Amino acid sequence: MGILEVKDVGKRFGGLQALSDVHLNVMENTCHAIIGPNGAGKSTLLNCLIGKLIPDTGSVMFQGQSVLGRSPFEINQMGISRVFQTPEIFGDLTVMENMLIPILAKRDGAFEMNGWSKLASQKDVNEYAEKMLEDMNLVDKRNMHSASMSRGDKRRLEIAMCLSQDPSLLLLDEPTAGMARADTNNTIDLLKQIKEERDITIAIIEHDMHVVFSLADRITVLAQGTPLVEDTPENIKGHPKVKEAYLGETA
Amino acid sequence: MDQIVLQILNGLDKGSAYALIALGLTLIFGTLGVVNFAHGALFMLGAFCAVTLSRILSLSHTILDETKKDFLGNPLKVEVPYVKDWFGEAAGAAIIDWSVPLALLFTVPVMIGIGVIMERGLIKHFYKRPHADQILVTFGLAIVLQEIVKYYFGANQIPMNAPQAFFGSFDFGAMIGMDPGAVIYPYWRIIYFCFAAVLIAGVFAFLQFTTFGMVVRAGMADRETVGLLGINIDRRFTIMFGIAAAVAGLAGVMYTPINPPNYHMGMDFLVISFVVVVVGGMGSLPGAILAGLLLGVLESFASMRQVLEIMPGINQVVIYLAAIIILLTRPRGLMGRKGVMED
Amino acid sequence: MLGLNKKDASLLLMVAALVAFAPILLNPFPEASALAQFNAGYPDLMQRFVIFGIFAVGFNILFGLTGYLSFGHAAFLGAGSYAGVWMMKLLTVNVIPAILISTVVAGLFSILIGFISLRRSGIYFSILTLAFAQMSFALAASVLTPITGGETGLNLALDDPRILEGGNTTGNIPAPNFFGLEMGDSLQLNVAGWLWTFNVGYYLAGVVLIIAFYTAIRIFRSPFGLMLRAIKSNQHRLGFTGLNTRPYMLACFVISGMYAGLAGGLMVAMDPLAGAERMQWTASGEVVLMTILGGIGTLIGPVLGAGLIKYFENIFSKINSNLLHEWFAFLPDGLEDFVVTIIYPFVGKGWHLTLGLMFMGVIIFLPGGLVELGQRIRRVFSKKDANQHTKPAE
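Residues numbered from 1 in each chain as written. Chains lettered and ligands numbered in written order. Predicted model: local features only at pLDDT ≥ 70, side-chain atom pairs only at ≥ 80, totals over all residues.

**Re the confidence of the model for chain B**
What counts, and what does not: pLDDT is defined as a per-residue confidence score from the predictor, taking values between 0 and 100.
Scored by pLDDT, chain B comes out at a mean of 83, with 96% of its residues at no less than 70. Quick note on the complex model: pTM equals 0.88, ipTM equals 0.86.

This is how it looks when you write it as structure tokens:
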């Protein structure tokens, strides 16, 4: 029984069949990668998973509940956190404030005015935020304007913000896109560490094979809107169909 | 029936003023991505171009007319405009009489100049700033422009006349086969509507059939790509700003005989024009025209006595009410495109 | 102090001190001197300083924290004014019920407008609030005349019921009071040529300003305030952080509207007259100017901006050409006329021109307003701080 079950999903834009018959089963506490050449429908699939697009057919179930048609905050409250291709953080605020927001949001989820309570006096929240920053090696930068950090640091902050909410599923959308090699390796190490230390399921959409093969437990190859194969990284590596999809070689 | 025709006609002239201002706003928004709160002020400046020209034409000197005597028997002092000296009595009088249409020629270069200066001097620096900043700085500019006009022309309304040939009204009802006298309509208003139609058609033709227009339309769709093709899109956009300013100015010139200009007319029209743009769909030129005319007609229907008896005060708020309903039910407006100004 | 950190507490104390000593501070010139007309320490103007200060502080809670630019806040101020006058007509000329009801009515009104307008964001939100404000203005000036007094405005009358006071007793329209202390009452002190006026109405409004300012600080520093700043910074991310922004925005909008209503209530407490022009969108534009001039998103900025604009409106506009000629009389004749001609358009009736130019200048060169100006000046003078990384204004 998977934590995220995608069944029969199809999506058509005008004359273009972007997705068809997508089946996907992400098992609990695994890292599942979705790869595919450009235009394979990776982004469309991701958008279906987070409710931005509603597929024409099929269903997307998370822990037995449908995610379709829900707004982002509801999906987050179900236990899905998302890391974006370009780090989405609160650029105008300091690193510490960035860290506080998801923790407070998790606590006050629906709505709590708490307009009179003081930010500085929320001891438990502050301590937790401090600890998260320490884990991510960001604690020295806590009073820094978050927009002025390096891309790698922004990514770490974003991941820290997601993890602080203890999600069941972490969705990563090309987390190393546009990064230098060193930053990429750091990010891989970070994700590996997270995988080992936490009970968390990771779904990752990625381009970079190096990242995929160092992290994933299972890989789904998407081509022309349909899953081609789903297998372990070892089996995917030499798979003729994958070569065909990527290089256009006939096997 | 005659009531309906009359109200549609009444709505069309006001509606075409809305449409012309909204057209300029949309051009600026679509090409430059700038929300221009000073556009109403451009409309007002156009109107004051007409005022200025008519004052220049009426510049006169005093001579003693020996043929006429005042009650003391002295020769009467008569003011003679210079134009009458230069072009002769009849031609001079005609020129003064036709000052509003003549102002059209005078306004075009002036307004294009103002528009270009505005874009190069101020707006250019705000392309990358948030929309709120653009709104605020152009709002400040609008205040400055209207205060300058107030300083030179005073705070009172300045009555302007259409050429005498267009005084009076005609029986529109009889022309379309209704009872004579049922639909009486002033000449100048129908001229205003026709003028607006020609101007709108001109702008559309310019965008549709010239290479310049083609590039601008391409730029509206995707500015970066057009820039990458090696086309100097910025210069074209500057010219577009000038054209938008000229359209607003011309609309202002022709509106002077209908509504005597004053310094705050720009602000009054601005609010409604923005509503028009939003109703039509941000960035859609046909939408702006359609919404302008529709809202003008809607307003004039709401001013009918029969309607006011049922819903008093509806004429004051109908435009805003329509805008609110449309914004909530059709967030992109009547003809808005996807992805324009959406966050 | 009062649950504030040291910096905020000193800011609050500073505002309190300014309010308390304004009648002295704003009258720097002796009564008999030629410069006395630049004194701003008379009750009418000082009342306006604090009332518009409250209005701007409230507007800043919305615009400064969330970045939602409302062009309709004057409607709340107007609604509050009408409610206040009605309270004085129906119940009592004591100002407390009037001020309370103004705040409540403006709050209810802003729930209605906010609920609809907040369905959209960005420019659409601005246009929606603008449309609502213009609608309220048009209705108040025409159809709602029985409630609003139409074009002439709503004021107190001799035959008002005033239930708590048992109708008219003296034959005069009673003046608004605070448990017997009339708003117009003043204590005048003449100290060595300086005239200081301590006015009851001003101090009442001043106390309200201090409370309002304190509340604003608490909101700015609370988790709620942090969420609002997060909305401004990145609403997209906030959604994926599991926060439903709608109730937060609405709460913020209503609080901001209630501040406007409070200001409206105080206005009629000082002068029991409410007119429709108070609701016009240009009046909303004025509070935008105040907030931006002072420093958007800062605590003290809106108060400074409100003071500056009201000072200009009342003092700058008094300068006429005779006065200018007097000032520049030391110049040779031709030059004197020239200088006066240059300056004249910017003062007197033309002060709006100066305001517009100043406003444009601030947006172009000094987006942080007066507060940023102050910070820059301080940085120039203290070399020590020059190398420090500047923290964003809070």
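**Focus on the interface of chain C and chain A**
How we decide: Any pair of residues counts as being in contact when their C-beta atoms, constructed from backbone geometry, are within 7 Å of one another. The way it works is that DSSP assigns letters per residue, a run of H or I at least four long becomes a helix, a run of E at least two long becomes a strand, and they are numbered from the N terminus. Side-chain classes follow a simple rule in which Ala, Val, Leu, Ile, Met, Phe, Trp, Tyr, Cys and Pro form the nonpolar group, Asp, Glu, Lys and Arg form the charged group, and the remainder, Gly included, forms the polar group.
Contact with chain C, which involves 27 residues of that partner, is made by 33 residues of chain A. Of all the secondary-structure elements, those providing two or more residues to the side of chain C that touches chain A are helix H7 (200-220), helix H8 (223-240) and helix H9 (245-270) of chain C. Residue contributions to the side of chain C that touches chain A peak at 13 residues, all from H8 of chain C. Partitioning the side of chain C that touches chain A into residue classes produces 12 nonpolar, 10 polar and five charged.

**Structural notes on the pairing of strand E7 (residues 169-173) of chain A**
Residues and elements named next belong to chain A. Which entries qualify depends on this criterion: To sort residues by burial, count the other C-beta atoms lying within 10 Å of each one's C-beta; a count of 20 or more means buried, 12 or fewer means exposed, and anything in between means partly exposed. C-beta atoms are built from the backbone. Two strands form a pair only when DSSP identifies at least two bridges running between them. Assignment of crossover handedness uses the view with strands pointing away from the viewer, where a clockwise path from the first strand over the helix to the second indicates a right-handed crossover.
Most of E7 sits out of view: four of its five residues are buried. Looking at chain direction, strand E6 (residues 80-83) and E7 are connected through four bridges and run parallel. Paired with serine 81 across the strands is leucine 170, a residue of E7. Pairing geometry for E7 and strand E8 (residues 201-205), over five bridges, is parallel. Pairing of aspartate 173 across the sheet is with isoleucine 205, part of E8. The parallel pair E7 and E8, bridged by helix H6 (residues 181-197), forms a crossover whose chirality is right-handed.

**Structural notes on the interface of chain C and chain B**
Taken together, the contact pairs 37 residues of chain C with 34 residues of chain B. Taken together, the elements giving at least two residues each to the side of chain C that touches chain B come down to helix H5 (122-141), helix H10 (281-294) and helix H14 (351-365) of chain C. Per-element accounting of the side of chain C that touches chain B gives the leading share, 12 residues, to H5 of chain C. A per-class count over the side of chain C that touches chain B returns 23 nonpolar, 12 polar and two charged.

**Remarks on the nonpolar core**
Short version of the rule: Take the buried Ala, Val, Leu, Ile, Met, Phe, Trp, Tyr and Cys residues, join any whose C-beta atoms are within 7 Å, and the set you get is a nonpolar core. A domain assignment, automatic or from a database, supplies the domain bounds used here.
Counting residues in each nonpolar core, the largest one holds 294 residues, and the members touching the most others are Val275 of chain B together with Ile54 and Phe55 of chain C. Sorting elements by how many residues they give to this core places H9 of chain C first, with 16 residues. If you count residues domain by domain, this core takes at least three from each of domain 1 (1-79 + 167-251) and domain 2 (94-166) of chain A.

**Here's the deal with the packing of helix H3 (residues 73-90) of chain C against H9 of chain C**
All names here are of chain C. As a reminder, the rule being used: Axis geometry follows a simple rule: fit a line to the C-alpha atoms, using only the stretch in contact for helices, then measure angles between N-to-C directions, giving values from 0 to 180 degrees. Should an angle fall under 35 degrees it is called roughly parallel, over 145 degrees roughly antiparallel, and 65 to 115 degrees roughly perpendicular, with every other angle called oblique. Crossings are sorted by hand: turned counterclockwise from the far helix by less than a right angle, the near helix makes the crossing left-handed, and turned clockwise it makes it right-handed.
Look at H3 against H9: their axes get within 7 Å of each other, and the N-to-C directions meet at 45°. Comparing the axis directions of H3 and H9 gives the class oblique. You can see that H3 and H9 cross each other, and the crossing is right-handed. Of the residues in H9, those in contact with His73, Phe76, Leu77, Gly78, Ala79, Gly80, Ser81, Gly84 and Val85 of H3 are Gly257, Ala260, Gly261, Leu262, Ala263, Gly264, Gly265, Met267, Val268 and Ala269. In the contact of H3 with H9, the residues fall into 10 nonpolar, nine polar and no charged.

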